[in-house]
Amino acid sequence: FCTDDVFYPKKDDFLDFIELYKKSGYNYRILIQTSSYSIQEQDFPKLKEINCQHITIGVENCSIRIRETLGKYQDQQKIEDIITWSKKHGIQLYYLIILIPPESTLEDLRINCETLKRWLAEGVQISVEPVVYCYRGTPLYEENYQFLCERKKIQGTNLYLKDPIYILPKDPIVRKLTLEF
């Protein structure tokens, strides 16, 4: 009995689920969200056996440098290998990207443009969030970044609330592009 779309806290639990699911006779379309750390080449045949048709992974950014600034280090070769494995087993791959985090430079944008074009040509579906939207209390929010803010009038008063919308890039050229984007 599942009451949520996430029902296995550990990979071993999911591997147990695969065995139970195969015995059940069900053939639902399975979609998973995982990380490049967790998924291994040997998982793909198992996922295909249970009709997994879609894998979502948060790559975050195509630039290794930017992933490191976000504290999201991932092995670049493994990201590329996952594309090969998903194609080999006929499972649609969906990568999540944040295009312009606060430390982005023009070189990082070039890396993203070239890599994303190649991945799209290889059949990877891509979701691009243009900038970093962060919540109060998160580490990125507490950093010394400038935000694009929106002024919201407080009803019944002459006061306004300054509400941060997203983090502006530090690089002046990338910031200008972001504001025009």
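Small disclaimer: the values here were computed from a predicted structure and weren't measured. (Residues numbered from 1 in each chain as written. Predicted model: local features only at pLDDT ≥ 70, side-chain atom pairs only at ≥ 80, totals over all residues. Heavy atoms only, no water.)

Caption draft 1: Representation of the overall build of the protein. Across its full length, the protein carries 7 helices and 6 strands. If you list the helices and strands of the protein from N to C, you get α-β-α-β-α-α-β-α-β-α-β-β-α. Its C-alpha atoms give the protein a radius of gyration of 20 Å, clearly above 16 Å, the size a compact globule of 181 residues would have. Viewed in the frame of its principal axes, the protein has a C-alpha envelope of about 65 × 45 × 25 Å. When the 181 residues of the protein are sorted by exposure, 38% land in the buried category. Here the protein displays about 11400 Å² of accessible surface, and carbon together with sulfur accounts for 53% of that area. Of the side chains in the protein, 24 bear a positive and 26 a negative charge, and the two mean positions are spaced by 4 Å. (Helix = DSSP H or I, 4+ residues; strand = E, 2+ residues; numbered from the N terminus. Rg over C-alpha atoms; globule rule 2.2 N^0.38 Å. Buried < 20%, exposed > 50% of the residue type's maximum accessible area, 1.4 Å probe, protein only. Areas by Shrake-Rupley, 256 points an atom, 1.4 Å probe, with all protein chains shown as cover. Lys, Arg positive; Asp, Glu negative; His and termini not counted. Charge placed at Lys NZ, Arg CZ, Asp CG, Glu CD.)

Caption draft 2: Spatial organisation of the pairing of strand β4 (residues 125-131). The pairing of strand β3 (residues 92-100) with β4 spans 6 bridges and is parallel. In the sheet register, leucine 96 faces β4, and the bridge partner there is serine 127. Chirality of the crossover, the property in question, places the unit of β3, helix α5 (residues 106-121) and β4 among those that are right-handed. (Pairing = 2+ DSSP bridges. Right-handed = clockwise from strand over helix to strand, strands pointing away.)

Caption draft 3: Focus on the sheet that holds strand β2 (residues 52-60). With respect to topology, 4 strands assemble into an open sheet ordered β1-β2-β3-β4, the strand pairing being parallel. Edge positions in the sheet fall to β1 (30-34) and β4, since each has one partner strand and no second. Between one strand axis and the next, the sheet turns by 20° as a mean value, whatever way the strands run. In this sheet, β3 lies alongside β2 in parallel orientation, the contact comprising 6 bridges. (Axes fitted to C-alpha atoms, helices over the stretch in contact; angles between N-to-C directions.)

From the geometry alone we can't say anything about function, so treat these as descriptive.
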